Structures are given as C-alpha cells and as structure tokens.
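Structural features, examined
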Amino acid sequence: MALTLTLPTADGVLAAYALRGAMPTKPVAGVAFNRIAYSAAHVVADPLATIDPWLQCAIDWDATIGYRRHLWSLGLGVAEAMDTAQRGMGLDWPTSLELIRRSLDAAKDFSSKDGNALVASGCGTDHLDIDSVKNVDDVIRGYEEQMAAIEALGGKLIVMASRALARVAKSPADYERVYDRVLSQAKQPVVLHWLGPMFDPALAGYWGSGDVDKAMDTALGIIAAHPDKVDGIKISLLDKDKEIAMRRRLPPGVRMYTGDDFNYAELIAGDGFGSDPTHGQSDALLGIFDAIAPAASAALGELALGNVDKFHAILGPTVPLSRHIFAAPTRFYKTGVVFMAWLNGHQSHFTMVGGQQSTRSLQHLAELFRLADAADLLEHPELAVRRMKTLLAMHGVEA
C-alpha cells in the first residue's frame, strides 16, 4: 500500500499525495571516480544548547562529523566550512576552525580504515570586522591569519571570496595584489572560489567588475600567473555558458570545479573540448551534493565506467529538485539541504544555525518533498513521511 499524506500546493490548497515508493539507486561498489567530487557539507546545529540562536552558534559535533563519514563512504570529498555550513551567515570563524580541525582528524581516521577521505577547507576573511577594514592590506592580513591556522592543521585551502575585499577594492589590480600574496604563500595548490551575488549580494562586482567577462579576464590572469599554486577554481554563477567559456581558457591541468547547482549534470559529463581533459569537463564542488549524495555517487560511478546514459538517468531527475532548493533568494538554499538531511534520518531535528530553518515556506518544503520523492532520494520513506507530517502539524495542517 502506498504511503500517503496531505501536502499544501503552491496556491495554498491542501491535496493528497502518494509516494512513488522507489528507493535511491545504490552506488556501484569499488569504482574509482574519474571526476573529483567535493560535497560542500552542512553542519548540524545543537538544538538543546542554551544560546540565543540568532546571535550564537552551537554545533552537534557527533552528528556533523557523522555526516561527513557518510559522504566519504560514498566516495565524495568534503568541502569543509563553506557557505553551505552557513559560514559567514551564522557560523563564526572560531567554530569554523574547530569544524575544520575535527573534520581533518576524522578524515585521517576514516582513511586509515576505509580508504581515502578527501577534504579541502574554506579560508576567508570573515573573522574581520568589516567596518574596520580600510584597505587591501587589511584583507591580506585576514587571509593570512586563516591560511596559517588551516595549514597548521595540514589542511588544503579553498580560498573563499571575501566580502571585505569586494568592499574595499577599487580596481582589478587590488584583486591581483591580494591573490598574488595569498597564492605565493600557499603550501600546496589551492581551489579558488568565485561565488556570484545570487549566493551573496555582498560579493557583487567581484574581481573588480560587474561585467562577468571582464571579471573572468582578471581571475584568469591571476591563475595564469600562478598555475602551479592553483588546483582549480569553483565558480557559482548559475550560468553554464560562462563556466564552459572559462573552463576552456584555464591553464592545462587547472580544474574547473562546477558550483552550478542548476546545470551540474551536463557540466560534469563535459563536452570533450580540446586535448587537455580539464578543458572539456568539470569536476564538482557542489552544495547540492550534500542533499543528493547517494545519487551523485551512483551517477559518478556509472560515468567512470563509461555509462553516460546511466549517469544522466540517475542525475537528471535530481536537477529539478536542485533548482527548487536553490531558487531565489538563492542564499536560503541551506534550509533545503538541512531539510533533506532531516527527512533522510541523518539528523534528529530540523533546527539550523541562526534559526535559518524559517527562511523557506511550508509550500516550498512541501514541493521539495515531492521533488525528492520523484528523484528517488527519500532513503527511508516511512521516516520521511512521519517527519513531514510533524512539520505539517506544526504549521496547523493536521492529518
């Protein structure tokens, strides 16, 4: 007998919904991926902590690290302490550094028992009082402080876009100066991070121009000046054509890590352009991989086996879900990611750092539930229905 519940529709009408009942596709065992795939992993808040949730953060460390082990078990890497973890939007720098430390320690333990556990960690300037940042030298010192702390733990850097730099930079030359200093000091190749204003309005005009093509020229110039210090660049512009254009212009061996949560399937599959493999395909550093981890793992396994049709058959149905989770205001996508983790039993509650579980409407979450079911992403359907009914009751929708 099909599982059913009553869900609100987009126009506010209540309607019965019956689940498909299909389980997630199981990943192919023992297959090494032919793409690097980082999941930007969320944190699990501690709902029992005595804090002011809008002003302070408290983390359930066991559940948070447990979810990273889940991602590693699926062959996915972890992009740690990124905006998915509400970095700069509730998760402060001291807590971020503790998260990085714990994740790196857990990765070592996982690798010694179950194979390699890939981790790269966000390095930014979010610990600075932005109103006190007067010039690019202040930004450089901010980056250097976080670089030193992460590298002291043995961490690989993801050099995150800086709100402070976007605020004080007066020209592309200021970006060139900051990144020249940062890259020249990095102990190992880093991943650069270009986050569009749809994710963070404070990053508008990054790289010194509101014109994306001119901004891209500046970023490519910085990479070309330090190709041995750049593993790749993650861009999150939600514009596949811009990503492809930049990918084709990267120095040989420098990877494009797609951050396009709208078009990731075709960007990862690639178009085979050029003689250098990195010019014709994207690797991944995606927030949506947190929410669709089993499907992402299964699809990447099929791609590695050369089964492109199966790759698209698995990943294609997840795209409508991702586009819904990342719908405007895009910065609230984190609510959908945590909602999925709660539905699937990876955490015991739907509470977020900063109280951000309130940033999406019940109608939005109901549609997310339907799309997750359509993509075969409800790992424990009975549990998902039970938890969805709890949320509905809290909003006055009784069974």
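Small disclaimer: the values here were computed from a predicted structure and weren't measured.

1. Let's talk about the overall build of the protein chain
Of the regular secondary structure elements, the protein chain holds 15 helices and ten strands. At 21 Å, the protein chain has a C-alpha radius of gyration in line with the 21 Å of a compact globule built from 399 residues. C-alpha extents for the protein chain along the principal axes are approximately 65 × 50 × 45 Å. Partitioning the intrachain contacts of the protein chain with sequence separation of at least 6 by distance along the chain shows that 72% fall at a separation of at least 24. Summed over its atoms, the accessible surface of the protein chain is roughly 15,800 Å², and 52% of this surface lies on carbon and sulfur atoms. Distance between charge centroids for the protein chain: 1 Å, based on 37 positive and 47 negative side chains.

2. A closer look at the packing of helix α10 (residues 293-304) against helix α11 (residues 308-315)
Remark: α10 packs on α11, axes separated minimally by 7 Å, with the N-to-C direction vectors making an angle of 170 degrees. Taken together, the axis directions place α10 and α11 in an arrangement best described as roughly antiparallel. Mapping the contact onto sequence places Ala295, Ala296, Ala298, Ala299, Leu300, Glu302 and Leu303 in α10 and Val308, Lys310, Phe311, Ile314 and Leu315 in α11. Across the contact of α10 with α11, the residue classes break down as ten nonpolar, no polar and two charged.

3. Topic: helix α5 (residues 172-185)
Along an α-helix, residues three or four apart share an orientation, since each turn contains 3.6 residues. Spanning 14 residues, α5 covers 20 Å between terminal C-alpha atoms, matching the ideal 20 Å at 1.5 Å per step. The set of residues buried in α5 consists of Asp174, Tyr175, Val178, Tyr179, Val182 and Leu183. Taken around the axis of α5, the buried residues stretch over an arc of 150 degrees, which confines them to a single face. Buried residues belonging to α5 abut α3 (136-152), β6 (157-159), α4 (163-168), β7 (190-195), α6 (212-225) and β8 (230-236).

4. Overview of the layout of surface pockets
Any empty space left between the atoms is revealed when a probe the size of a water molecule rolls over them. For the largest pocket, the calculated volume is near 370 Å³. For the largest pocket, the lining is made up of 24 residues, of which Arg87, Gly88, Thr125, Asp126 and Arg163 are closest to its centre. Those elements that place two or more of their residues in the lining of the largest pocket are α2 (93-114), α4 and β7. For the lining of the largest pocket, the residue count by class is eleven nonpolar, seven polar and six charged. When its volume is computed, the second largest pocket comes out at roughly 200 Å³. Val31, Phe33, Arg35, Ile36, Ala37, Trp72, Gly75, Leu76, Gly77, Asn116, Ala117 and Leu118 are the residues that line the second largest pocket.

Each value, and the rule that gives it
- Residues numbered from 1 in each chain as written.
- Predicted model: local features only at pLDDT ≥ 70, side-chain atom pairs only at ≥ 80, totals over all residues.
- Heavy atoms only, no water.
- Helix = DSSP H or I, 4+ residues; strand = E, 2+ residues; numbered from the N terminus.
- Rg over C-alpha atoms; globule rule 2.2 N^0.38 Å.
- Contact = heavy atoms within 4.5 Å.
- Areas by Shrake-Rupley, 256 points an atom, 1.4 Å probe, with all protein chains shown as cover.
- Lys, Arg positive; Asp, Glu negative; His and termini not counted.
- Charge placed at Lys NZ, Arg CZ, Asp CG, Glu CD.
- Axes fitted to C-alpha atoms, helices over the stretch in contact; angles between N-to-C directions.
- Parallel < 35°, antiparallel > 145°, perpendicular 65-115°, else oblique.
- Nonpolar A, V, L, I, M, F, W, Y, C, P; charged D, E, K, R; others polar.
- Expected span 1.5 Å × (residues − 1).
- Buried < 20%, exposed > 50% of the residue type's maximum accessible area, 1.4 Å probe, protein only.
- Arc of directions from axis to C-beta.
- 1 Å grid on protein atoms, 1.4 Å probe; cavity = no way out; pocket = protein on both sides within 12 Å on 5 of 7 lines; lining within 4 Å.
- Points joined across faces, edges and corners; volume = space filled by probe spheres on them.

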